[in-house]
Amino acid sequence: MVQLTAIGALAFHRDAFLKFWLEAPFALKLLASASVLLPALFLIPLPPQVWTALPGRELVAQSLELAGGIGWTTASVDPVRTLLAITALITPLAVLFIGWKAPRAHLITLGWVVVILGLANVAVGIFQVLSNGATGLFYPEIPMPGILFGAFANRNTAGLFLVACLTFAALLPAPPQAGQAALPARIIICLLLLVAILLTRSRTSLVIAFLPIAALCLRVLRQKISTPRKGQRGNETRKWATLAAVVLTLGAVASVGVMVPGRLGDVIERFQSDRTDARTYIWEDASYSASRYWPVGSGMGTFDDVFQTDESLENITQRRAGRAHNDYLEVAIEAGAPGLLLITGWLALLAWLSWQARGREDRWIAWSGSITLVALALQSVTDYPLRNQTMLAIAGFALVVLVRFSAPRRGAKI
């Protein structure tokens, strides 16, 4: 449904699609194209002499031989899953194409829409926490009483989504209609999101939440140094200083008040239990899978199939791993060296655009996009945030914000 909606939206913005390919920076177009072409290459039929020579294809060859003979097939060990992986890119690409044409003011408004969606998740999560998981769960098959999930199935992803909302709430300009209520409303929103992140009990989200808070403090510090003591800009500095101080102070007090005594202890215990984390055993076996298919890869989307072959007996549990819980490692298995090279290209573009934005008037807006993307990259070390449609859409939007506001203005609509 999400992908069909994205396709429908693109149908009404065909001019935006063309404008992107005509005007976007070459590096961005190159990386966007490569992100689609790389998994598509795994779907090209190859003769037996070629695909059987690829690393890790022995079991596929044996299976086909037992089933009636080896013929032409794809480089992917499961082409259906690879096709599904390609279709997952429809959503972020649609956001990127449509956002490229949208006026900057509309992008800021959409950023606040994301914040509102975050608050809606907090509202749902309140019932989940207070009912100890008995009310409001979208996925009741995941028994984690007292955890804030919102509309997500994974608390890590729920926490990361709220971190993205906190970033936009802290750094985006307030809507003009807010008037004098802008500062108190921003403080309340940031506090609610910060407490909600704590209630997800996601260790990575708790740590990554310091990124937008640090950015807010840095903004206040820079304005205090560069702004005269008198005048309108001095008043703006005092507002941002008030925001940072209130969010940090009340956030700390509210966090302790919400989490003590039980929940705070649970979170601390989770930080101390790394030695028994099942992900370490998954990474051990996944590393072997990566080496078996290196440097070509098994095909995008095929991790769950190939991992079950390589999972060692001493690490098997009653649950399937499903994911590598490290997206860089999973990409190494599925796309090999080309996949890791593509990730490197995206990270390099992120770094360059963030650096380019430093001298822009709207740099804090641009950096709200880059901080969101950095948060996604960091959580990908221990999880798989970009394996669901919501976070793919958020990533696409953050990329649009970074690209558009890191570039110089080129007219009223840009």
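Our subject is the structure listed above.
Calculation criteria
Residues numbered from 1 in each chain as written. Predicted model: local features only at pLDDT ≥ 70, side-chain atom pairs only at ≥ 80, totals over all residues. Heavy atoms only, no water. Helix = DSSP H or I, 4+ residues; strand = E, 2+ residues; numbered from the N terminus. Buried < 20%, exposed > 50% of the residue type's maximum accessible area, 1.4 Å probe, protein only. Contact = heavy atoms within 4.5 Å. Areas by Shrake-Rupley, 256 points an atom, 1.4 Å probe, with all protein chains shown as cover. Core = buried A, V, L, I, M, F, W, Y, C linked by side-chain atoms within 4.5 Å. 1 Å grid on protein atoms, 1.4 Å probe; cavity = no way out; pocket = protein on both sides within 12 Å on 5 of 7 lines; lining within 4 Å. Points joined across faces, edges and corners; volume = space filled by probe spheres on them. Nonpolar A, V, L, I, M, F, W, Y, C, P; charged D, E, K, R; others polar. Expected span 1.5 Å × (residues − 1). Phe/Tyr/Trp six-rings, centres within 6.5 Å; stacked < 30°, edge-to-face > 60°. Lys NZ or Arg CZ within 6 Å of the ring centre and 35° of its normal. Axes fitted to C-alpha atoms, helices over the stretch in contact; angles between N-to-C directions. Parallel < 35°, antiparallel > 145°, perpendicular 65-115°, else oblique. Left-handed = near helix turned anticlockwise from the far one by under 90°. Patch = residues over 30% accessible without salt bridge, like charges linked within 9 Å, V, L, I, M, F, W, Y side chains within 5 Å. Salt bridge = Lys/Arg side-chain N within 4 Å of Asp/Glu carboxyl O.

Secondary structure assignment for the protein chain yields 19 helices and 0 strands. Expressed as a percentage of the 414 residues in the protein chain, the buried residues total 47%. Nonlocal contacts in the protein chain, meaning residues at least 24 apart in sequence, comprise 76% of its contacts between residues at least 6 apart. If you sum the accessible surface of the protein chain, you get close to 20600 Å²; carbon and sulfur atoms cover 68% of it.

Here the residue pair Trp-294 and Pro-295 is connected by a cis peptide bond, since its omega of 5 degrees sits within 30 degrees of zero. In this fold, Pro-295 is placed in the loop between α15 (279–293) and α16 (303–310). One non-glycine residue, Asn-132, lies in positive phi territory at about 60 degrees. Along the polypeptide, Asn-132 turns up in the loop between α8 (104–130) and α9 (155–171). Notably, His-325 is not glycine yet its phi reads approximately 55 degrees, a positive angle.

Within the largest apolar cluster, 84 residues are counted, with the highest numbers of intra-cluster contacts made by Leu-28, Phe-161, Leu-162, Leu-193 and Leu-373. Ranked by residue count, the leading element in this core is α9, at 12 residues. Those residues within four positions of Leu-193 in sequence are excluded, and the remaining contacts are Gly-118, Leu-119, Val-122, Leu-162, Cys-165, Leu-166 and Ala-169. In this structure, Ala-286, Tyr-293, Phe-303 and Leu-329 belong to the second largest nonpolar core, which totals 12 residues.

With that settled, the discussion passes to empty space enclosed by the protein. As enumerated under the stated definition, the model contains 1 cavity of 30 Å³ or more in all. Computed from the structure, the largest cavity encloses a volume of approximately 30 Å³. Around the largest cavity, the lining residues are Gln-128, Leu-137, Phe-138, Tyr-139, Ile-142, Phe-149, Gly-150 and Phe-152. Split by residue class, the lining of the largest cavity holds 6 nonpolar, 2 polar and no charged.

Attention shifts here to α8. Residues spaced three or four apart along an α-helix face the same direction, because each turn holds 3.6 residues. The end-to-end C-alpha distance of α8, which contains 27 residues, comes to 40 Å, matching closely the 39 Å that a straight helix rising 1.5 Å per residue would cover. Positive phi appears at Asn-132, one or two residues downstream of α8, with a value of about 60 degrees.

Turning our eyes to something else, we now look at the packing of aromatic side chains. For the structure on display, the rule yields 10 aromatic pairs. A ring pair is formed by Phe-20 and Trp-21, whose centres lie 5.1 Å apart and whose planes are at 85 degrees; its orientation type is edge-to-face. Residue Phe-20 is classed as buried on the basis of its relative accessible area of 0%. Here the aromatic residues Phe-17, Phe-20, Trp-21, Phe-97 and Trp-100 are joined through ring pairs into a cluster of three or more. A cation sits over an aromatic face here: Arg-104 above Phe-405, 5.1 Å from the ring centre.

With that settled, consider the environment of Ile-142. Along the chain, Ile-142 falls in the loop between α8 and α9. For the pair Ile-142 and Asn-154, spaced 12 residues apart in sequence, the C-alpha separation works out to 8.9 Å. Sequence-distant contacts of Ile-142, defined by excluding residues within four places in its chain, comprise Phe-149 and Ala-153.

Contact geometry for α8 and helix α10 (residues 182–199): axes closest at 10 Å, N-to-C directions at 50 degrees. As summarised for this structure, α8 and α10 are arranged oblique, according to the angle between their axes. Considering only the axes of α8 and α10, their crossing is left-handed. Contacts between α8 and α10 pair Trp-112, Val-115, Gly-118, Leu-119, Val-122 and Val-129 from the former with Arg-186, Ile-189, Leu-192, Leu-193, Ala-196 and Leu-199 from the latter. Residues that form the contact of α8 with α10 fall into these classes: 10 nonpolar, 1 polar and 1 charged.

In this section: helix α3 (residues 26–41). Taking 1.5 Å as the rise per residue, α3 with 16 residues should run 22 Å; its terminal C-alpha atoms sit 21 Å apart, in good agreement. If you check which residues of α3 are buried, you get Leu-28, Lys-29, Leu-31, Ala-32, Ser-35, Leu-38 and Pro-39. Those residues of α3 that are buried are in contact with α2 (14–23), α6 (79–87), α7 (90–101), α17 (327–356) and α19 (389–406).

On the surface, Met-1, Leu-4 and Ile-7 cluster together to form a nonpolar patch covering roughly 380 Å² of accessible area. Looking at where Leu-4 falls in the secondary structure, it is placed in helix α1 (residues 2–11).

With that settled, consider the packing of α15 against α16. Contact pair α15 / α16: the axes reach a minimum separation of 9 Å and the direction vectors enclose 105 degrees. When the axis of α15 is compared with that of α16, the two are roughly perpendicular. Facing α15, whose interface residues are Ile-282, Asp-285, Ala-286, Tyr-288, Ser-289, Arg-292 and Tyr-293, α16 presents Phe-303, Val-306, Phe-307, Thr-309 and Asp-310. Per-class residue counts for the contact of α15 with α16 are 7 nonpolar, 2 polar and 3 charged.

What follows concerns the pattern of salt bridges. Here the idea is simple: oppositely charged side chains can pair when their charged atoms come close. Counted according to the given criterion, the structure contains 9 salt bridges. Here Asp-362 makes a salt bridge to Arg-104, at a shortest N to O gap of 3.3 Å. One end of the pair, Asp-362, is in the loop between α17 and α18 (363–379); the other, Arg-104, is in helix α8, and 258 residues separate them in sequence. Side by side, Asp-362 and Arg-104 carry an identical accessibility label, which is buried. Through salt bridges with shared partners, a single network forms among Arg-323, Asp-327, Glu-330, Glu-334 and Arg-387.

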